[in-house]
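Now for the letters of each chain:
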Amino acid sequence: MRKMLEKALEAAYLGGLEVIDVYNSDFAVETKDDKSPLTLADKRANSVIIAVLDSTGLPVLSEEGKEIPYLQRCNWERFWMVDPLDGTKEFIKRNGEFTVNIALIEKGIPVAGVIYVPVQRMMYFGIMGWGAYKIALDSKPPSFDPSQLAAQADKLPKPAIGRRYTAVGSRSHMSSETEVFFDKLRKEHGEFEVVSMGSSLKICLVAEGVADVYPRFAPTMEWDTAAGHAIILAAGKSIVDYSTGKEMQYNKENLLNNWFVVK
């Protein structure tokens, strides 16, 4: 598993270099079929990531390859799920709140994951049952070995000392259902802090222990959450499907997630 994570760490880092190179240029924006934006960064990062992950012999399901038929991928016991640029709207706004996401899925469960934040050069990674970590990379590390990186990283979650109960809210996707959920929190915890953040960084805040809960009552796709879900599980927390009350599953026929709560 750690050898697999090593490849994911390398792929995420190299993909992040492609993303930041485009970010620092005068890039163009296209529109995908679902009307969401697409940039050269998605394409370049995806190509680099696929090239690295192909060496593991496992199939890859990414936003850029979402047309793979379910009859083909339903037989995958183990595969990579990739979002080469999560938070494209944040990328276009140039606020730095975007990530490269890679998860290893086994039988519908995200068992290992990496989230790289190119602007901050921050790497989150974890393996379920082993632990979750966060490390700042000032330069390319001499090794992507997870054990070596973990020895220099902060283990997650960190203790929540001296702060009020904190919830995460989306900067780009606030719904009326979320407001109702927040009203319920006020009854349970009194006044609480709300932190706004873009992309999968919202999940990372809960994994870190910076926030306690993140409700998402708006559409997301499996590749938006898989890497964060792996890190959350490695940190001893959960992403609960709001409709079933159970841990979210992956590689469904319909890759659209149900509403969920990270806690």
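Our structure's up above, just so we're on the same page.
These figures come from a predicted structure and were not determined experimentally.

K.L.:
Quick rundown of the overall build of the protein chain? Include the residues and the values.
P.N.:
When its secondary structure is counted, the protein chain shows eight helices and 14 strands. Over its C-alpha trace the protein chain gives a radius of gyration of 17 Å, about what one expects of a compact globule, namely 18 Å for 263 residues. Structurally, the protein chain occupies a C-alpha span of about 50 × 45 × 40 Å along its principal axes. Split into buried and exposed, the 263 residues of the protein chain put 55% on the buried side. Here the protein chain displays about 11,700 Å² of accessible surface, and carbon together with sulfur accounts for 50% of that area.

K.L.:
Could you give an account of the environment of Leu53, with specific residues and numbers?
P.N.:
Secondary-structure assignment places Leu53 in helix α2 (residues 40–53). Taking relative accessible area as the criterion, Leu53 reaches 0% and is therefore assigned buried. Sequence separation between Leu53 and Lys7 is 46 residues; the distance between their C-alpha atoms is 6.5 Å.

K.L.:
Please set out the sheet that holds strand β3 (residues 60–62) residue by residue, giving values where relevant.
P.N.:
Judged by pairing direction, the sheet is mixed, and its seven strands sit side by side in the order β3-β4-β5-β6-β7-β8-β9 without closing on themselves. Two strands bound the open sheet, and with one partner strand each, they are β3 and β9 (154–156). In this sheet, adjacent strand axes meet at a mean angle of 20° when their direction is disregarded. Taken together, the three bridges between strand β8 (residues 131–136) and β9 define a ladder with antiparallel strand orientation. When the sheet's bridge partners are listed, Ala132 is paired in β9 with Leu156. Strand contacts of α2: β3, β4 (78–86) and β5 (99–106), with the helix running at about 155° to β4, the strand carrying the most contacts. With respect to the sheet, helix α8 (residues 222–234) is in contact with β3, β4, β5, β6 (109–117), β7 (122–127) and β8, its orientation differing from that of β6 by roughly 105°.

K.L.:
Kindly report on helix α7 (residues 201–208), identifying the contributing residues and their values.
P.N.:
For α7, the tally of buried residues reaches eight of eight residues, placing the bulk of the element in the interior. Just downstream of α7 lies Gly209, where phi reads positive at about 90°.

K.L.:
I'd like a description of the environment of Asp83, backed by residues and values.
P.N.:
With respect to the helices and strands, the residue Asp83 is situated in strand β4. Through-space distance from the C-alpha of Asp83 to that of Ala103 is 9.0 Å; in sequence the pair is 20 residues apart. Aside from chain neighbours lying at most four places away, what touches Asp83 is Glu63, Thr99, Val100, Asn101, Trp223 and Asp224.

K.L.:
Got a sec to walk through the pattern of salt bridges? Specific residues and values, please.
P.N.:
When charged atoms on two side chains of opposite charge get close, those side chains can pair. Under the definition given, this model contains 14 salt bridges. Close ionic contact of Glu208 with Lys134 constitutes a salt bridge, the shortest N to O distance being 2.9 Å. Of this pair, Glu208 sits in helix α7 while Lys134 sits in strand β8, and the two are 74 residues apart along the sequence. Classification of Glu208 as buried rests on a relative accessible area of 6%. With a shortest N-O distance of 2.9 Å, Glu193 and Arg164 are connected by a salt bridge. In this pair, Glu193 is assigned in strand β11 (residues 193–197) and Arg164 in the loop between β9 and β10 (166–170), connecting sequence segments 29 residues apart. The structure contains a network of salt bridges with shared partners spanning Glu18, Asp21 and Arg44.

K.L.:
Can you explain the environment of Glu67? Please cite residues and give values.
P.N.:
By the secondary structure assignment, Glu67 is in the loop between β3 and α3 (70–73). Between the alpha carbons of Glu67 and Lys237 there is a distance of 31 Å; along the sequence they are 170 residues apart.

K.L.:
Outline α8, supporting the account with residue identities and numerical values.
P.N.:
An α-helical turn contains 3.6 residues, so any two residues separated by three or four positions project in the same direction. In this model, α8 (13 residues) spans 18 Å end to end at C-alpha, consistent with the 18 Å of a helix rising 1.5 Å per residue. Bending of α8 peaks at approximately 25° at the position of Gly228. Two residues or fewer after α8 comes Gly236, characterised by a positive phi angle close to 85°.

K.L.:
I'd like a rundown of the packing of aromatic side chains, residues and numbers included.
P.N.:
Enumeration according to the criterion identifies 15 aromatic pairs in this entry. Ring geometry for Tyr13 and Phe144: centres 5.7 Å apart, planes at 50°, overall tilted. Residue Tyr13 is located in helix α1 (residues 2–23), and its partner Phe144 is located in the loop between β8 and α5 (146–152); the two are separated by 131 residues in the primary sequence. As far as the burial class goes, Tyr13 and Phe144 line up, both buried.

Conventions and cut-offs
- Residues numbered from 1 in each chain as written.
- Predicted model: local features only at pLDDT ≥ 70, side-chain atom pairs only at ≥ 80, totals over all residues.
- Heavy atoms only, no water.
- Helix = DSSP H or I, 4+ residues; strand = E, 2+ residues; numbered from the N terminus.
- Rg over C-alpha atoms; globule rule 2.2 N^0.38 Å.
- Buried < 20%, exposed > 50% of the residue type's maximum accessible area, 1.4 Å probe, protein only.
- Areas by Shrake-Rupley, 256 points an atom, 1.4 Å probe, with all protein chains shown as cover.
- Pairing = 2+ DSSP bridges.
- Axes fitted to C-alpha atoms, helices over the stretch in contact; angles between N-to-C directions.
- Contact = heavy atoms within 4.5 Å.
- Salt bridge = Lys/Arg side-chain N within 4 Å of Asp/Glu carboxyl O.
- Expected span 1.5 Å × (residues − 1).
- Bend = angle between axes of the 7 residues up to and from the residue.
- Phe/Tyr/Trp six-rings, centres within 6.5 Å; stacked < 30°, edge-to-face > 60°.

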